[in-house]
Amino acid sequence: MALLLKGGPVAEAMSQRLLDQCATLKEAGVTPVFAIVRVGEKANDISYERGATKRAQALGVEVRSFVLPESVTEDQLVETLEGINRDSGIHGCLMFRPLPLHLDTPRVARTLDASKDVDAMTSSAMGVLLSPSAVGYAPCTAQASLEILKYYQIPLQGKRITVIGKSMTVGLPTALLMMNEEATVSVCHILSRPEDTRDLCKDADIIISAAGCPGLVTRDYVRHGQIVVDVGVTLGKDGKLHGDVASEEVEPIVEAITPVPGGVGSVTSTVLVGHVVEAAMRRLWKDQ
Ligand code: NAD
């Protein structure tokens, strides 16, 4: 049976490092501050905000919530973000997306200063994967997958990695991060021939699936000795969360796999808070 690559211990180890960094910041008189911008009262946003706030506060990061009514105008929202840009006491900002339909999400998102873009709202997040001198932070879910592989000491250099999914928020940045680790990366997507996706998965040392398609990765896609990172999360009709991997048939074959829930998702919010702490550290170095 496969080793379960649980996210909990990864988040715990990262939290230890963040507590140390927050202690260093405190000695210099700095408290990292995280702005959360929410428009409306979507249950998912409120629940994520609650979780992120709890995690941030536990690590010594202050959270400031900016809650705006569903009827907010684009100019009012842009003004809120510009205020956050100007406030030197705020180090990082998350805005829940997509925004209500009357608001132009990409236009509003572009307002945010790249140095405060801890949740990949602007194109700076992709830029940082393409150039080491770019300002910004990698998309959190992609980085969470990398953190898991590193924590469990899974070598990446020269390994064949197949990524399923090429969205700007998950699949594509994951592929770029893996290339930056010197892996040989193949990317499959919805228009790939299914037999190619299957063959590229079977041929890989590591499969990272971020399709949002429950049961996509079956026993036909895998072989002994492989590592599988299941990024997909879909709420099933049974009220449970399902990954992309048909885990009951894949787990007996592969060497290691991330569970759903309890895998990548449980590392993502720690990566996010980590970006806020990193932003505060960068500002401190700049000011010194
Ligand atoms: P998306 O819909 O934007 O992109 C899905 C990608 O998968 C697309 O590139 C599409 O071409 C590809 N795809 C879909 N079905 C496919 C198939 N049958 N074969 C090959 N490729 C296929 O979704 P997203 O925002 O990139 O999210 C992907 C998944 O990751 C979702 O399940 C989402 O819930 C999950 N997710 C998890 C976390 C986390 O923290 N664990 C965070 C964000 C997203």
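Scroll up to find the structure this text is about.
Below is a short write-up of the structure. This is a predicted model, so every value here is computed, not measured.

## Some points on the packing of aromatic side chains
Considering all chains together, one arrives at two aromatic pairs under this definition. Ring centres of Tyr151 and Tyr152 lie 4.9 Å apart, and the angle between their planes is 85 degrees; on these two criteria the pair is classed as edge-to-face. Classification of Tyr152 as partly exposed rests on a relative accessible area of 23%.

## Some words on the packing of helix α1 (residues 7–27) against helix α10 (residues 265–287)
With their axes 10 Å apart at the nearest point, α1 and α10 run at an angle of 20 degrees to one another. With respect to their mutual orientation, α1 and α10 come out roughly parallel. Considering only the axes of α1 and α10, their crossing is left-handed. Along the contact surface, α1 presents Gly7, Gly8, Val10, Ala11, Met14, Ser15, Leu18, Gln21, Cys22 and Leu25, while α10 presents Ser266, Val267, Thr270, Val271, Gly274, Val277, Ala280, Met281 and Leu284. Residues that form the contact of α1 with α10 fall into these classes: 12 nonpolar, seven polar and no charged.

## Section: the site of the ligand
Near the ligand, the surroundings consist of 20 residues, among which Lys166, Ser167, Ile190, Val233 and Thr268 are the closest. Within the contact set of the ligand, an oxygen atom lies 2.8 Å away from a backbone nitrogen or oxygen of Lys166. Val233 has a polar backbone atom sitting 2.9 Å from an oxygen atom of the ligand. For the shell around the ligand, a count of residues per class yields 10 nonpolar, nine polar and one charged.

## A look at the nonpolar core
Ranked by internal contacts, the top residues of the largest apolar core, which has 54 residues, are Phe34, Val61, Leu149, Ile161, Met178 and Ile208. The element that contributes the greatest number of residues to this core is α10, accounting for 10 residues. Looking at which domains feed residues into this core, each of domain 1 (29–119) and domain 2 (140–265) supplies at least three. Counting residues in each nonpolar core, the second largest holds 19 residues, with Val37, Val78, Cys93 and Leu99 among its members.

The rules behind each value
- For every chain, the first residue of the written sequence is number 1, and numbering continues from 1 onward in sequence order.
- At least 70 in pLDDT is required for a residue's local features to be given in this predicted model, at least 80 for side-chain atom pairs to be given and counted, and no such filter applies to totals for whole chains, interfaces and linings, which use all residues.
- Hydrogens and water are ignored here; the side-chain numbers use all heavy atoms of the structure.
- Here the aromatic set is Phe, Tyr and Trp, taking the six-membered ring for Trp, and pairing holds for ring centres within 6.5 Å; pairs whose planes are under 30 degrees apart are stacked, those over 60 apart are edge-to-face, and all others are tilted.
- Burial classes: relative accessible area under 20% of the type maximum marks a residue as buried, over 50% as exposed, and values in between as partly exposed (1.4 Å probe, protein chains only).
- Fitted lines through C-alpha atoms give the axes, limited to the stretch in contact for helices. The angle between two N-to-C directions lies from 0 to 180 degrees.
- Comment: elements are numbered from the N terminus, with helices defined as DSSP H or I runs of at least four residues and strands as E runs of at least two.
- Angle categories are assigned with fixed cut-offs, so that under 35 degrees is roughly parallel, over 145 is roughly antiparallel, 65 to 115 is roughly perpendicular, and the rest are oblique.
- Handedness of a crossing follows from how the near helix is turned relative to the far one, being left-handed for an anticlockwise turn of less than a right angle and right-handed for a clockwise one.
- Any two residues whose heavy atoms approach within 4.5 Å are treated as being in contact.
- Amino acids are sorted into nonpolar (Ala, Val, Leu, Ile, Met, Phe, Trp, Tyr, Cys and Pro), charged (Asp, Glu, Lys and Arg) and polar (every other residue, Gly among them).
- Proximity is defined per residue: any heavy atom of the residue falling within 4 Å of a molecule or strand makes that residue near it.
- Whenever a nitrogen or oxygen atom comes within 3.5 Å of another N or O atom, the pair is scored as a polar contact, on the condition that within protein one atom can donate a hydrogen and the other can accept it, and that pairs from neighbouring residues in sequence are kept only if both atoms are in side chains.
- Only buried Ala, Val, Leu, Ile, Met, Phe, Trp, Tyr and Cys residues count toward a nonpolar core, and they belong to the same one when joined by side-chain atoms within 4.5 Å.
- Domains are outlined according to an automatic or database domain assignment.

Keep in mind that these numbers describe shape and distance, not what the molecule does.
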